[in-house]
Amino acid sequence: MWGSDRLGADRHTLARSARAVLSIKAGKISSAMLLRKLGNYSRKNRLYQTFRELGRVVRTVFLLRYISELDLREQITATTNKVEAYNGFAKWVFFGGEGVIADNDPEEQEKVIKYNDLVANALVFQNVADQTRALREQMAEGHPVTREDVAVLSPYMTGYIKRFGDYVLDFKATPQPLESVLAL
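About the criteria used
Residues numbered from 1 in each chain as written. Predicted model: local features only at pLDDT ≥ 70, side-chain atom pairs only at ≥ 80, totals over all residues. Heavy atoms only, no water. Helix = DSSP H or I, 4+ residues; strand = E, 2+ residues; numbered from the N terminus. Buried < 20%, exposed > 50% of the residue type's maximum accessible area, 1.4 Å probe, protein only. Contact = heavy atoms within 4.5 Å. Salt bridge = Lys/Arg side-chain N within 4 Å of Asp/Glu carboxyl O. Phe/Tyr/Trp six-rings, centres within 6.5 Å; stacked < 30°, edge-to-face > 60°. pLDDT = per-residue confidence, 0-100. Core = buried A, V, L, I, M, F, W, Y, C linked by side-chain atoms within 4.5 Å. Expected span 1.5 Å × (residues − 1). Axes fitted to C-alpha atoms, helices over the stretch in contact; angles between N-to-C directions. Parallel < 35°, antiparallel > 145°, perpendicular 65-115°, else oblique. Nonpolar A, V, L, I, M, F, W, Y, C, P; charged D, E, K, R; others polar.

Participant: How do you make sense of the overall build of the protein chain when you look at a structure like this?
Facilitator: Scanning the protein chain from N- to C-terminus turns up six helices and zero strands. Listing each helix as α and each strand as β along the protein chain from the N terminus yields α-α-α-α-α-α. Out of the 184 residues in the protein chain, the part that is buried amounts to 15%. Excluding contacts between residues fewer than 6 apart, the proportion of contacts in the protein chain whose partners are at least 24 apart in sequence is 63%.

Participant: Even after reading the chapter, I still don't get the pattern of salt bridges, so can you show me in this structure?
Facilitator: Side chains bearing opposite charge may pair, as long as their charged atoms lie close to each other. Tallied over the entire structure, the rule returns six salt bridges. Residues Glu53 and Arg52 are paired through a salt bridge, measuring 3.7 Å at the closest nitrogen-oxygen approach. Residue classification places Arg52 among the partly exposed positions, given a relative accessible area of 25%. The partner of Arg56 in a salt bridge is Glu53, with the nearest N and O atoms 2.9 Å apart. Remark: Glu53 and Arg56 occur in helix 3 (residues 46-68); sequence separation between them is three residues, near one turn of the helix. Note on Arg56: relative accessible area 35%, which makes it partly exposed. Overlapping salt bridges bring together Arg52, Glu53 and Arg56 as one network.

Participant: Could you clarify how one ought to interpret the side chain of Asn127 in this entry?
Facilitator: Along the chain, the position of Asn127 falls in helix 5 (residues 106-140). You can call Asn127 buried: its relative accessible area is 0%. Excluding its chain neighbours within four sequence positions, the residues that come into contact with Asn127 are Phe89, Pro155, Tyr156, Met157 and Tyr160.

Participant: Just to check I follow, could you spell out the packing of aromatic side chains for this structure?
Facilitator: What describes a pair of aromatic rings is the distance from one ring centre to the other and the angle between the planes of the rings. Under the counting rule described, the total for this entry stands at four aromatic pairs. Both rings, one in Phe89 and one in Trp92, keep their centres 6.5 Å apart while their planes meet at 20°; by these two values the pair is stacked. Taken as a pair, Phe89 and Trp92 lie in helix 4 (residues 70-93) at a separation of three residues, close to a single helical turn. Residue classification places Phe89 among the buried residues on the basis of a relative accessible area of 3%. Note on Trp92: relative accessible area 25%, which makes it partly exposed.

Participant: Help me understand the confidence of the model for the protein chain in this model?
Facilitator: Close inspection of predicted coordinates is inappropriate in any region flagged by low pLDDT. Of all residues in the protein chain, 89% attain a pLDDT of 70 or more, and the chain-wide mean is 83. Within the protein chain, helix 1 (residues 3-26) has the poorest average pLDDT of any element, 67, and helix 4 the best, 94.

Participant: What's the story with the nonpolar core in this structure? I'm lost.
Facilitator: It is characteristic of soluble globular proteins that their nonpolar side chains tend to be buried jointly. One finds Tyr86, Phe89, Ala90, Val93, Ala120 and Val124 forming the largest nonpolar core, which totals six residues. At the level of elements, helix 4 and helix 5 are the ones that each hand at least two residues to this core. If one sorts the elements of this core by residue count, helix 4 sits on top with four residues. Beyond its immediate stretch of four places on either side in the chain, Val93 contacts Asn116, Val119, Ala120, Leu123 and Arg163.

Participant: When you look at helix 3 in this model, what are you seeing that I'm missing?
Facilitator: For an α-helix, 3.6 residues make a turn, and residues three or four places apart therefore share a direction. In this model helix 3 runs 33 Å from its N-terminal to its C-terminal C-alpha over 23 residues, within 8% of the 33 Å that 1.5 Å per residue would give. Within helix 3, the full set of buried residues consists of Leu47, Tyr48, Thr50 and Glu53.

Participant: Can you help me understand the packing of helix 3 against helix 4 in this one?
Facilitator: Relative placement of two packed helices is described by the angle separating their axes and the distance separating the axes. Interhelical geometry of helix 3 versus helix 4 gives an angle of 100° and a closest axis separation of 5 Å. As the angle between them shows, helix 3 and helix 4 are arranged roughly perpendicular. For the pair helix 3 and helix 4, contact is made by Phe62, Arg65, Tyr66, Ile67 and Ser68 and by Leu70, Leu72, Arg73 and Ile76, respectively. For the contact of helix 3 with helix 4, the class distribution of residues is six nonpolar, one polar and two charged.

Here you go:
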């Protein structure tokens, strides 16, 4: 379908999309019915066609923005790199099995993921605390520390961590307070 025929079809699809969205907001369509209608993936289903076309429009608008806006591309790349760095760190932290969860029970799998995330976040917190203390010591010795210096630091350091070492907890020891602001 090309030209005015395609444009007319797109207008009808967008009008159906708008009606569907308004019906959902007004509560006239239940979520169960919506999922049932969308769940059969029938190409004849008008609601399925409507949401498919709406998804295509949203994807096209995003791709046009991505192509035309350098700042958006840089932001997406930077964010993706941060997420991948954390995922690599969490995989490194994973105790044994090289990131493979051996249990088929969904509850046990969820526990393993959550516990690994907890350990990874605790290590990130300790790395930041250690880095902050080292920066304060450098500043106290008269070495200048700039924002640019801090910007290249990563909380995902692994060199000093003994993954399978002995960890002794002293519940009577009081941790040093953390100062939340590092004056640069």
